[in-house]
Every structure is written in C-alpha cells, then in structure tokens.
Amino acid sequence: MPGPAPLHGGPDAQGAPEHDLSTNANACGPCPLAVRALERADARRYPDPAYTRLRALLSQWHGVAAGRIFVAASGSEFIQRLTAAVALQGAAARDGGAPPAVWLPRHAYGDYARAAQAHGLPLAAAPAQAALLWACEPSSPLGQPQTDLPALAAALAPQQTLALDEAYAPLRLQGTPSLDEAALQRAWRLITPNKALGLTGVRAAYAIAPLHADAALLARVQALAPSWPLGAHGQALLQAWASPAAAAWLHACRATLRQWRARQLDGLAQAGWQALPSQTSFFTARPPLATHELPALLAALRAQGFKLRDCASFGLPGHVRMAVAPPPVQEALLRTLAKL
C-alpha cells in the first residue's frame, strides 16, 4: 500500500506563488556565482560517473578524505538511500529477527519517516532502540538547535548509524553547532547547498561519511547510488558552493537576513502573530486564530499570491513555517493579512 504523499513547500497545483515563503530558500538569492556556474555547465556530455574532481574539491573544502564524500541526487534521495542501506544491513545481520528501527526527532522532515515506511522499518520510541537515528540542526520547522544531539552522539553504539541533516546550517543567523569536531566525525553529515544558494530547483547534495564508518555499510551506500546521481547542473552547483567567493557571499547574506528577520518578526507581532524562537532565516509562528481556521487562512493567502507552510505535518497544528522575506514582500503580506 502506498504511503502518504510527500508534503513540501514551493510550487503546487496552482503553479508557483508570486510570494513563496513556504520554503527555506535564502531570500537574498540566487547566488550570482552559482548562476554563472550553471550557465557555463556543459549539458552535452555525461559527467564523470565517479565525480573524481568534484569529490576531491569537496573533500578539500571539508578537510576529509575523498573516500568519505558521497554525492547524491538530492537530500531526499540520500535519505532514502541511507535508510535502504541500513535496512539491508539489518536484514543481513538479524537472521529472521525483527527489522532495524529508525528514531526521529519529535518535529522532523517527513521524508525520514517516509523512507523508513518504504523499507518496512518501524519507528523507535527511544534512540537506544534504533539502528538508524536522524538528527537535523538547525531543525525544521523550528530553526532551533537539537538539544539532545550531543547526547545522541556520545551514546552512539557501534551498530548504530547517526545521520545529521545539515540542510539549514548555512542559514543559521545566530548560535553555534551543538556538536564539536570530534562528535561530527561519528555522524553521516548530509549537506544540501541549494537552499543557501537560493537555487532550490537545482537538485544536488552530498554526504560525508563518519571517520570510522562500517565498511559494509559504506559499500551498500555506494552500491545503492544511481548511475550519475548528479547531472551537469547539479555538479556545477556543488563546485560553486565549495568556493571562498560563495562563502563570502553567504556571509553577507546572513547579515542582511538578520535585519530582515527582525523587521518581519516585529510586523507579525504587531498583527497578533506569535513566533517561536529560531536561529535561522525561517521560523514557525501561530496566527491569532483557532487551529481549525488555519487552512482557510492559508487558502485565502494563496489566492492572493502568498504561500506559507502548514506545520501540521510536522506535528505542530495551528502553526506555519515562514521564510524571512525582503521588506517589500513583508509589507505586502501584512497589508494582505489586514484585509483578510
């Protein structure tokens, strides 16, 4: 039986909204350097199937061995692939026993659970019961630190796999990571730069394997990869990402986004909205209405060209996730809210 349809922000059956605040894309984007790289990408040829130069570049950028870099078609593709690898690893080891379990944060991206369901893996009630543990910092939809992350890394058993989704780390506007370098070496790190670069339509990601990862699991993750997971444009995006120029551009973006976020939060507060704390360029907020009234508000806003992300699928009914937007979009949103 098919699982529930995936829920995401961005364009929908009505097309692309004029003002899309439903994704976590960098509102300062797109990154000019990345745009130029995409324009120069040679789509006439296959990429190198081993992505030799790209993996060397990424390994140098992160200061790790090239053998620890796994390119992926997207973050969602790698979520499915790592889950499949853990499922196969568990099937080989359990000899007819119960399938390995997956542990998720309380509020989490739906693809973690969808991947577990697709591979017949149950969800664990506690981290110690799981073979695969997912973490995300800063988290989505809250944009907050995952406070239990250091404990997860410290208590990780040899047969357990910890995967840290760092999709929103480049858009952290305050605070610091929960894990130090030694703890990071114990986790799979999933990196998806397209949000930070403001180019979510280009699907490209990569993962950094743990320093002492199980050799059999590494082999499974590699064997499960599709041929050429990245096309020419995805490869170009990652090459642009791993550059001092892109890092400098993103640093400047964060200063701008801090100013925009403060302005946006102030305007919403004056309109009666209650925002939860966030360290990122997106946040979760509750409008001044009953939970059952939220779908009607979101539909009315969508009709006026604004899209926000309902957080019910994250386990936060009555709340929306909202990206920080440029001041003109903020003003237009507040004018629209005042009329509804």
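Data block above holds the structure.
Note that the coordinates shown come from a computational prediction; the quantities given were computed from them, not determined experimentally.

Chemist: Report on helix α10 (residues 294-303), specifying residues and quantitative values.
Modeler: For α10, every residue scored as buried is listed here: Leu294, Leu297, Leu298, Leu301 and Arg302. Buried residues in α10, looked at end-on, bunch into an arc of 135 degrees, giving them a common side. The exposed set on the far side of α10, more than 90 degrees from its buried face, consists of Ala296 and Ala303. Contact partners of the buried residues in α10: β10 (306-307), β11 (309-310), β12 (320-323) and α11 (327-339). At the exit of α10 stands Gly305, carrying a positive phi of roughly 95 degrees.

Chemist: For the sheet that holds strand β6 (residues 188-191), give the residues involved together with the corresponding values.
Modeler: Judged by pairing direction, the sheet is mixed, and its six strands sit side by side in the order β2-β7-β6-β5-β4-β3 without closing on themselves. The sheet is open, and its two edges are formed by β2 (69-72) and β3 (102-103), each paired on a single side.

Chemist: Lay out the nonpolar core with the relevant residues and their values.
Modeler: The biggest cluster of nonpolar side chains holds 53 residues, and the ones touching the most others in it are Leu197, Leu237, Trp241, Trp273, Leu308 and Met322. Ignoring any residue separated from it by four or fewer positions in sequence, one finds Met322 in contact with Leu21, Gln264, Leu268, Trp273, Phe282, Phe283, Leu308 and Leu333. Ala108, Leu121, Ala209 and Leu217 belong to the second-largest nonpolar core, a separate cluster that totals 31 residues.

Chemist: For the pairing of strand β9 (residues 282-286), give the residues involved together with the corresponding values.
Modeler: Extensive coverage of β9 is indicated by the burial of four of its five residues. Following strand β8 (residues 274-275), the chain reverses through six residues before pairing antiparallel with β9. When β9 meets β12, the two strands line up antiparallel, connected through four bridges. Looking at the pairing, Ala285 lines up with Val320 of β12.

Chemist: Give a detailed account of the packing of helix α1 (residues 32-40) against helix α8 (residues 232-241), specifying residues and quantitative values.
Modeler: At a minimum axis separation of 9 Å, α1 and α8 run at an interaxial angle of 145 degrees. Where α1 crosses over α8, the two elements pack in a sense that is right-handed. Across the interface between the two elements, Leu33, Ala34, Ala37 and Leu38 of α1 pack against His233, Ala236, Leu237 and Ala240 of α8. In terms of residue class, the contact of α1 with α8 is made up of seven nonpolar, one polar and no charged.

Cut-offs used in this document
- Numbers given for residues are sequential positions, taken from 1 along each chain in its written order.
- Given that the model is predicted, a residue must reach a pLDDT of at least 70 before its local features are reported, and side-chain atom pairs must reach 80 or more before they are shown or counted; all residues, however, enter totals for whole chains, interfaces and linings.
- Side-chain metrics rest on all non-hydrogen atoms present in the structure, leaving aside hydrogens and water.
- Note on classification: 1.4 Å probe, protein chains only; a residue is buried when its accessible area is under 20% of the maximum for its type, exposed when over 50%, partly exposed between these limits.
- By the criteria applied, helices consist of DSSP H or I runs no shorter than four residues and strands consist of E runs no shorter than two, each listed in order from the N terminus.
- Along the arc lie the directions from the helix axis toward the C-beta atoms.
- Should any heavy atoms of two residues lie within 4.5 Å, those residues are counted as being in contact.
- A pair of strands counts as paired when DSSP detects no fewer than two bridges linking them.
- Residues belong to one nonpolar core when they are buried, are Ala, Val, Leu, Ile, Met, Phe, Trp, Tyr or Cys, and are joined through side-chain atoms within 4.5 Å.
- Interaxial angles span 0 to 180 degrees and are taken between N-to-C directions of axes, which are lines fitted to C-alpha atoms, for helices over the stretch in contact.
- Each crossing gets its hand from how the near helix is turned against the far one by less than a right angle, where anticlockwise is left-handed and clockwise is right-handed.
- Each residue receives one of three labels: charged for Asp, Glu, Lys and Arg, nonpolar for Ala, Val, Leu, Ile, Met, Phe, Trp, Tyr, Cys and Pro, and polar for the others, Gly being one of them.

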